[in-house]
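Chain by chain, the residues run as shown.
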Amino acid sequence: MVTLQLNRVSARYGRRPILEEITTPCFQGGQVVALLGLNAAGKSTLFRRVLGLLKDEGEVIISAERPVGYMPQDTGAKAVLAVYESVLLARMQERGLKVQPEDLSQVDRALEELSITTLGERDIGDLSGGQRQLVSAAQALVQEPEILMLDEPTSARDLNRQISLLTVLRRLADERQMLILVALHNLGHALRFADAAMMLENGRLIAYGSTAEVITPALLRQVYRVSTRIESCSKGQPQLIVEAAI
Ligand SMILES: Nc1ncnc2c1ncn2[C@@H]1O[C@H](COP(=O)(O)OP(=O)(O)OP(=O)(O)O)[C@@H](O)[C@H]1O
């Protein structure tokens, strides 16, 4: 079973400390874990630290056979590559340059999974922000990771596409037993799609546990400075109602 655990993990840029001794429970394949916190709390830095792009004190303990997949925040970068080529290139990164039929079918599968098969011939540079995010998700998915980290994957997407992508992530966790870590600003989505949540504040992990344990009116008041209620809808799902900024 794939697992990920952080033990007193820190990170800094230059001499400026950003993450301070983050310790998490052992997350497992099949879970969707939401990473929450205000802008600049350290969410992207935590992803970079898990990927090994930043080194510092503490241990990132990963048990998986394949490298961690990563969908970064949209950089708006322009590239002169067709969508299909870019996803194939992402696939070949870990596999050398000899393309096998299996590689092409994995590219097809990733594009299909994310409903972007029709974008295959388009230049990435000509896509909308939301479409680029999906291509970026396909580039991560095509590597068949067991652990997939996504940095605000829904920020540039309309409501239908936000829900579609989160539904795909939920299915990947349930059906392929992937461990999915996803930074989200929409706490309602976290409540609905994630099993567990971690709340970062100024580089410290101030709460973790099930989404119901973390996404509480008291913590949202403290961190986000909003007053909220959580009510059960007619289908028994918890719904976050934001009353006011305070
Ligand atoms: N390359 C960098 N060099 C120096 N400081 C950085 C760098 N990247 C991020 N920071 C700083 O580290 C802190 C944490 O940033 P990070 O991007 O991890 O936050 P975040 O929680 O992902 O924010 P957001 O929700 O706005 O994406 C911020 O103060 C930011 O300015």
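Heads up: the structure comes first, above all this text.
So, a few notes on the structure that sits alongside this text.

What counts as what
Residues numbered from 1 in each chain as written. Predicted model: local features only at pLDDT ≥ 70, side-chain atom pairs only at ≥ 80, totals over all residues. Heavy atoms only, no water. Near = heavy atom within 4 Å. Polar contact = N/O pair within 3.5 Å; in protein donor to acceptor, adjacent residues only side chain to side chain. Areas by Shrake-Rupley, 256 points an atom, 1.4 Å probe, with all protein chains shown as cover. Helix = DSSP H or I, 4+ residues; strand = E, 2+ residues; numbered from the N terminus. Nonpolar A, V, L, I, M, F, W, Y, C, P; charged D, E, K, R; others polar. Patch = residues over 30% accessible without salt bridge, like charges linked within 9 Å, V, L, I, M, F, W, Y side chains within 5 Å. Salt bridge = Lys/Arg side-chain N within 4 Å of Asp/Glu carboxyl O. Lys, Arg positive; Asp, Glu negative; His and termini not counted. Charge placed at Lys NZ, Arg CZ, Asp CG, Glu CD. 1 Å grid on protein atoms, 1.4 Å probe; cavity = no way out; pocket = protein on both sides within 12 Å on 5 of 7 lines; lining within 4 Å. Points joined across faces, edges and corners; volume = space filled by probe spheres on them. Domains from an automatic or database assignment. Buried < 20%, exposed > 50% of the residue type's maximum accessible area, 1.4 Å probe, protein only. Pairing = 2+ DSSP bridges. Contact = heavy atoms within 4.5 Å.

With that settled, the discussion passes to the site of the ligand. Contacts to the ligand come from 15 residues, most closely from Arg16, Ala40, Lys43, Ser44 and Thr45. The separation between an oxygen atom of the ligand and a polar side-chain atom of Ser44 is 2.8 Å. For the ligand, whose accessible area on its own is 640 Å², the fraction buried by protein is 66%. Ranked by residue count, the leading element in the shell around the ligand is helix α1 (residues 43-51), at 4 residues. Residues belonging to the shell around the ligand are distributed by class as follows: 5 nonpolar, 6 polar and 4 charged.

A few words on a negative patch on the surface. On the surface, Glu85, Glu121, Asp123 and Asp126 cluster together to form a negatively charged patch. Within the fold, Glu121 resides in the loop between α3 (101-113) and α4 (129-141).

Attention now moves to the layout of surface pockets. Looking at the second largest pocket, its volume works out to about 260 Å³. Secondary-structure elements contributing two or more residues to the lining of the second largest pocket are α4 and α5 (159-176). Top element by residues in the lining of the second largest pocket is α5. It accounts for 5 residues. Of the residues belonging to the lining of the second largest pocket, the class tally is 7 nonpolar, 7 polar and 4 charged. Here the lining of the second largest pocket spans two domains, since at least three of its residues come from each of domain 1 (1-68 + 145-208) and domain 2 (75-144).

Before going further, it helps to spend a moment on the pattern of salt bridges. On inspection of all chains with the given rule, the structure shows 12 salt bridges. One salt bridge connects Asp103 with Arg91, and the closest N-O pair in it is separated by 2.8 Å. You can see Asp103 sitting in helix α3 and its partner Arg91 sitting in helix α2 (residues 83-92), a full 12 residues away along the chain. Like Asp103, the residue Arg91 is buried in the burial classification. Note that Asp158 is salt-bridged to Arg161, the shortest N-O span being 2.4 Å. On the basis of relative accessibility, which here comes to 35%, the residue Asp158 falls in the partly exposed class. What makes Arg161 partly exposed here is its relative accessible area of 45%.

Moving on: the sheet that holds strand β4 (residues 27-28). Read from one edge to the other, the open sheet built from 3 strands follows the order β4-β1-β6, with strand pairing classed as antiparallel. Single-partner strands in this sheet number two, and they are β4 and β6 (59-63). In this structure, strand β1 (residues 3-7) lies alongside β4, joined through 2 bridges in antiparallel fashion. Its bridge partner lying in β4, Leu4 is registered against Phe27.

Below, the discussion takes up the environment of Leu19. By secondary structure assignment, the location of Leu19 is in strand β3 (residues 16-22). Owing to a relative accessible area of 1%, Leu19 belongs among the buried residues under this scheme. When near neighbours in sequence (up to four residues on either side) are disregarded, Leu19 contacts Val9, Ser10, Ala11, Gly42, Thr45, Leu46, Arg49 and Gly203.

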